[in-house]
Structures are given as C-alpha cells and as structure tokens.
There are 2 protein chains.
Amino acid sequence: MTYTSEALQQLVEEFSQLPGVGKKSAQRMALYILKQPREDVLRMAKALVNVKDRIKYCTSCSNITEVDPCPICSSAKRDRATICVVEEPNDVIALEKTNEFRGLYHVLGGALSPLDGIGPEELKVNELLTRMTNGVTEVILAMNPNIEGEATTIYLSRLLKPLGVRVTRIARGLPMGGDLEFADEATLSRALEGRIAL
Amino acid sequence: MTYTSEALQQLVEEFSQLPGVGKKSAQRMALYILKQPREDVLRMAKALVNVKDRIKYCTSCSNITEVDPCPICSSAKRDRATICVVEEPNDVIALEKTNEFRGLYHVLGGALSPLDGIGPEELKVNELLTRMTNGVTEVILAMNPNIEGEATTIYLSRLLKPLGVRVTRIARGLPMGGDLEFADEATLSRALEGRIAL
C-alpha cells in the first residue's frame, strides 16, 4: 500500500486532476490540508461549491458573473461604444488587470478550430452580432496569438466590417521586458510589420 | 475590479494558500473548477473535508491513518523487529513506494531544530523509546539529509544505542541517474566516506 489512508489517497487523486498539478504536488497539497485547522478546510470546500452554484454567464457579454447582467455590462462608468472580443473569461481578467480598457467585453467561449469541431455556432458569434445594433462604434479583437486565434480574428473582421463598425485588433510584437535577441522569428516579423511612425 | 465574481475570487485565494501554488496557477485552477460538472466539484469538496474528519494519528507509530493502529502497524506481514524512524508522514509514503522495507515505521513529526523551538519534547521521541521494549532489534534512522536531520540522527543514535538495539542510518551518496560531475561537494564527500567493498 502506498497511502495508509483512503481519504488521503482520494484527495491526492482529486488534486492531481487540477491543471498543472502532478502526483507529487497533489500529495504535498493533501498533506498540507491535513495540517490545516478544520474551519479553514471547510471554507475551502465551501468556496469550491460556491463557484459552481453562484457563477452563471452574463446574457449580454457571456462572461462569468454572479449577477446578470455582469458588473462590467451594468456599470455606468464603462464606454458602451467599444466592445473588446476575447476567447475566455480569463482573458477578461487579464485585460481588467491593465486598468487601460474602459469599454465592454464579449466572451466567445473559445476560438474557431474546425479540426476540433468548433465552428461559429459553438461560439457566441451571433450574440456578438446582435450587440452591434446598440451604438457600438469599435470592436477590438483580442484573440490569442495562435492559428485558431488568427482564424477567428479574420472571420470576425469579415463579419463585422460590413456592419459599418470600426474593427481593430490588439498589436503583436515584442513583449515588454523581453529581449530582441531571444524573440522568435514569427514575433519579430509581426513586430516589424506592425511598426509605427515616431 | 479584477474578478467579476466574488465566489471566483474567494476560490482563487483559497487555492493560492496551497503549497507551490501562485496566484496565476490558482486562477487557472479556479476557472478549471468552474468548467467541471457539479458532482465532480462536490466530490472534491467532500474529499477535502474527509481528510480532516477521518484521518487521525496511529497511537503506535504516529503515522496518519483512518484506523488505529494503522494498517502497517497492524499488518501480520510486517517485520516487527525493525523500525524505520522518519520525520513526516510523506516520508513513509516515499519509502513504501520502494516496496523494499518490510518493517514498521515511527513518525517523529519533524526534526530537532532548537532555533525554531523544536526540541525532543515536540517530537515523538518518548513514544519511540517505549517501543524499544517489544523485541525491536534494529532502528533505521531515515532523516532528511540536512542539518536538522543530521542533528536528529545523532541525538537519536545516542539515545538508542545504550538500549542494546542496532542503530543504522540510510546511506548518503550519489542519487541514481545523477551525474558525478554535477554532484555537490557535500554529496560527493558523503559518497566517498560511505564507500563499500566490492
């Protein structure tokens, strides 16, 4: 036997399901849990269930929220003329951390990937189009810089441009703090392509 | 606001308490939880609470267990004449994985560390001494190879030898699959010291 306790074994298995957590880290986490006060562990268990029970999707932007519409969509401080389209809720979190963007979001729920059977119907594309009627002047496409993201960007821009809305996409180039010498060719050529006048 | 949901924020905070989990991984885990079926999340929450509620310490070896004495102490297949002393329950797990050791264990609950206020009274040292009466012929000391572990090894061997029991300690040397060239000086000198005749 490896574990003298079935409960411990079970928790190790549960933890190792989490992304980026291997068997060894899961075991370390489980033994850490064992040393915590019971009320702390109960709080964590409650937090897990709460996430499933309280979180739903905003009917306007499809982002995760506890109230519908979500706090961003219902905020009076946000610029309703600009919509930033992203793939997943974590992209919204990342963009909100910059404190730069004051418009609204639209979460597609993924990117186009025909090989995985993900077409426009699997994404919130129609929901995005219906939002174009409410005085939106610019749509910023902020897909991930990979093949699926690029395909989605091209697809959406073709769909949106005829509606008379300004369609932009976020820049690709050298990451801040990076080193030109270590940048890959694809990034460098995008950086050259996207050069701006000083 | 960074998170549009307080429940998500809470779970991210709970996850980032776990050892080796930063804010970014915690967020990734929380968003993963959000995508899981409710019953899977409930099972994980239950596993967390079970670990606290079901696991106690074996009154004989102080290892974690759900039944007292633990499955190892109560097993008829184990050699009761040999006791391997370790610092923590995860050391027992590591040793059990080798399938080499068929004796019993004794979990000290840490190592001597006067600077942190951990003396023999804070560890299960007296409990170890009381076990010496039951026909034990060898005690294997398997402390971690660091200063606290070495101090504990020396302390315990001085305490146990007068009782007429054979006291050994596990070997220090080159780890398997390692490279002599990259071994540190301390490891190499221990490997030389511990050389055995062929």
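Keep in mind that what you see is a predicted model, and the values were worked out from it rather than measured.

Asks: An account of the overall build of chain A is requested, with residue identities and associated values reported.
Replies: Of the regular secondary structure elements, chain A holds 8 helices and 6 strands. Going from N to C terminus, chain A has its helices and strands arranged as α-α-α-β-β-α-β-α-β-α-β-α-β-α. A compact globule built from 198 residues should have a C-alpha radius of gyration of about 16 Å, whereas chain A, at 22 Å, is more than 25% larger. Along the longest, intermediate and shortest principal axes, the C-alpha atoms of chain A span 65 × 45 × 35 Å. Within chain A, the proportion of its 198 residues that are buried is 44%. Considering only contacts in chain A between residues 6 or more positions apart, those separated by 24 or more positions represent 45%. Carbon together with sulfur atoms contributes 54% to the accessible area of chain A, which is approximately 11,100 Å² in total. Averaged over its 24 positive side-chain charges, chain A has a centre that lies 5 Å from the centre of its 26 negative ones.

Asks: Describe in detail unusual backbone geometry, supporting the description with residues and values.
Replies: In the segment running from Asp68(A) into Pro69(A), the intervening peptide bond is cis, with an omega of -5°. Assignment of secondary structure puts Pro69(A) in the loop between β2 (64-65) and α4 (71-74). In this model, Ser62(B) sits at a positive phi of 65°, which is unusual for a non-glycine residue. By secondary structure assignment, the location of Ser62(B) is in the loop between β1 (56-57) and β2 (64-65). Even without being glycine, Asn99(B) reaches a positive phi, approximately 60°. Judged by its relative accessible area of 58%, Asn99(B) is exposed.

Asks: Got a sec to walk through the sheet that holds strand β6 (residues 166-169) of chain B? Specific residues and values, please.
Replies: Residues and elements named next belong to chain B. Judged by pairing direction, the sheet is parallel, and its 4 strands sit side by side in the order β4-β3-β5-β6 without closing on themselves. Edge positions in the sheet fall to β4 (103-107) and β6, since each has one partner strand and no second. On average, each strand axis in the sheet is tilted by 25° relative to the strand beside it, whichever way the strands run. In this sheet, β6 lies alongside strand β5 (residues 138-141) in parallel orientation, the contact comprising 4 bridges. Residue Val139 lies in a different strand from β6, and its bridge partner there is Val167.

Asks: I'd love a proper account of the pairing of strand β5 (residues 138-141) of chain A, names of residues and values included.
Replies: All names here are of chain A. What you see with β5 is no split at all: Glu138 and Ile140 on one side and Val139 and Leu141 on the other are buried throughout. As paired elements, strand β3 (residues 79-86) and β5 share 4 bridges and run parallel to each other. Opposite Val85, over in β5, you have Leu141 as the bridge partner. Note on the crossover from β5 through helix α7 (residues 147-160) to strand β6 (residues 166-169): the handedness is right-handed.

Asks: I'd like a rundown of the layout of surface pockets, residues and numbers included.
Replies: Counted as a void, the largest pocket has a volume near 430 Å³. If you trace the largest pocket, you find 19 residues lining it, with Lys35(A), Tyr57(B), Glu88(B), Pro89(B) and Gly109(B) closest to the centre. Elements with a contribution of two residues or more to the lining of the largest pocket: α2 (23-35) of chain A together with α5 (89-98) of chain B. Class assignment for the residues of the lining of the largest pocket results in 9 nonpolar, 4 polar and 6 charged.

Asks: Summarise the interface of chain A and chain B; cite the residues concerned and give the values.
Replies: On the chain B side, the residues contacting the 57 residues of chain A number 57 residues. Together chain A and chain B conceal approximately 5,400 Å² of surface at their shared face, both sides included; 69% is due to carbon and sulfur atoms. Scanning the region where chain A abuts chain B turns up 6 salt bridges. Applying the counting rule to chain A against chain B returns 18 residue pairs in polar contact (both at pLDDT 80 or more).

Asks: I'd like a description of the pattern of salt bridges, backed by residues and values.
Replies: For the structure on display, the rule yields 18 salt bridges over all chains. Note that Glu150(B) is salt-bridged to Arg190(B), the shortest N-O span being 3.4 Å. You can see Glu150(B) sitting in helix α7 (residues 147-160) and its partner Arg190(B) sitting in helix α8 (residues 185-193), a full 40 residues away along the chain. In this structure Arg190(B) comes out as partly exposed when scored by relative accessible area, which is 28%. Here the salt bridges do not stand alone but share partners, grouping Glu150(A), Arg169(A), Arg172(A) and Arg190(A) into one network.

Asks: Run through the domain arrangement of chain A, naming residues and quoting values.
Replies: In terms of domains, chain A is made up of domain 1 (6-54) and domain 2 (70-197). Computed from C-alpha coordinates alone, the two centres of domain 1 of chain A and domain 2 of chain A are separated by 35 Å.

Asks: I'd like a description of the relation of the copies chain A and chain B, backed by residues and values.
Replies: The relation between the two copies of this chain is a rotation about an axis and a shift parallel to it. The two copies are related by a screw operation: chain A maps onto chain B through 180° of rotation and 0.0 Å of translation along the axis, at an RMSD of 0.0 Å. What the rotation and shift describe, once combined, is the action of a two-fold rotation axis. Measuring from the rotation axis to each C-alpha of chain A, the shortest distance belongs to Ala45(A), at 2.2 Å. By residue overlap, the copies meet face to face through one surface: 100% of the interface positions of chain A are interface positions in chain B.

Asks: Tell me about the state of the cysteines, residues and numbers included.
Replies: Residues and elements named next belong to chain A. The full count for this structure, using the stated rule, is 0 disulfides over all chains. Free cysteine: Cys70, not disulfide-bonded; nearest cysteine sulfur from Cys61 at 3.7 Å. Note on Cys70: relative accessible area 0%, which makes it buried. Here Cys84 is not disulfide-linked; the sulfur of Cys61 is the nearest cysteine sulfur, at 11 Å.

Asks: Give me the nonpolar core: which residues, what numbers.
Replies: Among the nonpolar cores identified, the biggest contains 48 residues, and Phe15(A), Ile33(A), Leu48(A), Phe15(B), Ile33(B) and Leu48(B) are the most heavily contacted of them. Sorting the residues of this core by element identifies α1 (6-17), α2 and α3 (38-54) of chain A together with α1 (6-16), α2 (23-35) and α3 (38-54) of chain B as the ones contributing at least two each. In contact with Leu48(A), not counting residues within four places along its chain, are Leu11(B), Phe15(B), Ile33(B), Val41(B), Met44(B), Ala45(B) and Leu48(B).

Rules behind the numbers
In this numbering scheme, every chain counts its residues from 1 along its sequence in written order. A letter from A marks each chain and a number from 1 marks each ligand, given out in the order of writing. Residue-level local features of this predicted model are given only where pLDDT is at least 70; pairs of side-chain atoms are given and counted only at 80 or more, and the full residue set underlies all totals for whole chains, interfaces and linings. The basis for every side-chain value is the complete set of heavy atoms in the structure, and neither hydrogens nor water enter the calculation. The helix count covers DSSP runs of H or I at least four residues long, the strand count covers runs of E at least two residues long, and both are numbered beginning at the N terminus. Only C-alpha atoms enter the radius of gyration; for comparison, a globular chain is expected to reach 2.2 Å times N to the power 0.38, where N is the number of residues. Residue exposure (1.4 Å probe, protein chains only): buried if accessible area is under 20% of the type maximum, exposed if over 50%, otherwise partly exposed. We call two residues in contact when some of their heavy atoms are within 4.5 Å. Note on areas: Shrake-Rupley with a 1.4 Å probe; residue coverage comes only from the protein chains shown. Charge assignment: positive for Lys and Arg, negative for Asp and Glu; neither His nor the chain ends contribute. Lys charges are placed at NZ, Arg charges at CZ, Asp charges at CG and Glu charges at CD. Two strands qualify as a pair provided DSSP detects at least 2 bridges between them. Each axis is a line fitted through C-alpha atoms, taken for helices only over the stretch in contact, and angles between the N-to-C directions span 0 to 180 degrees. Whether a crossover is right-handed comes down to one check: with the strands pointing away from the viewer, does the path from the first strand over the helix to the second run clockwise; if it does, it is right-handed. Buriedness for pockets is judged along seven lines, at least five of which must meet protein on both sides within 12 Å for an open set on the 1 Å grid over protein atoms alone, while cavities are sets there where a 1.4 Å probe fits but cannot get out, and lining residues have an atom within 4 Å of a point. Grid points are joined across faces, edges and corners, and a volume is the space filled by probe spheres set on the points. Gly falls in the polar group here, along with every residue not listed as nonpolar (Ala, Val, Leu, Ile, Met, Phe, Trp, Tyr, Cys, Pro) or charged (Asp, Glu, Lys, Arg). As a working definition, buried area equals the accessible area (1.4 Å probe) given up by two parts on being put together, with both sides summed. Salt bridge, as used here: a side-chain nitrogen of Lys or Arg that lies within 4 Å of a carboxyl oxygen of Asp or Glu. Think of a polar contact as two N or O atoms within 3.5 Å of one another; within protein, one of them needs to be a possible hydrogen donor and the other a possible acceptor, and neighboring residues in sequence only count if both atoms come from side chains. The domain boundaries here were taken from an automatic or database domain assignment. Least squares is the method used to superpose the copies, on C-alpha atoms of residues holding a pLDDT of at least 70 in both. Note on terminology: pairs of cysteine sulfur atoms within 2.5 Å are recorded as disulfides. Nonpolar core, defined: a set of buried Ala, Val, Leu, Ile, Met, Phe, Trp, Tyr and Cys residues in which side-chain atoms within 4.5 Å join the residues together.

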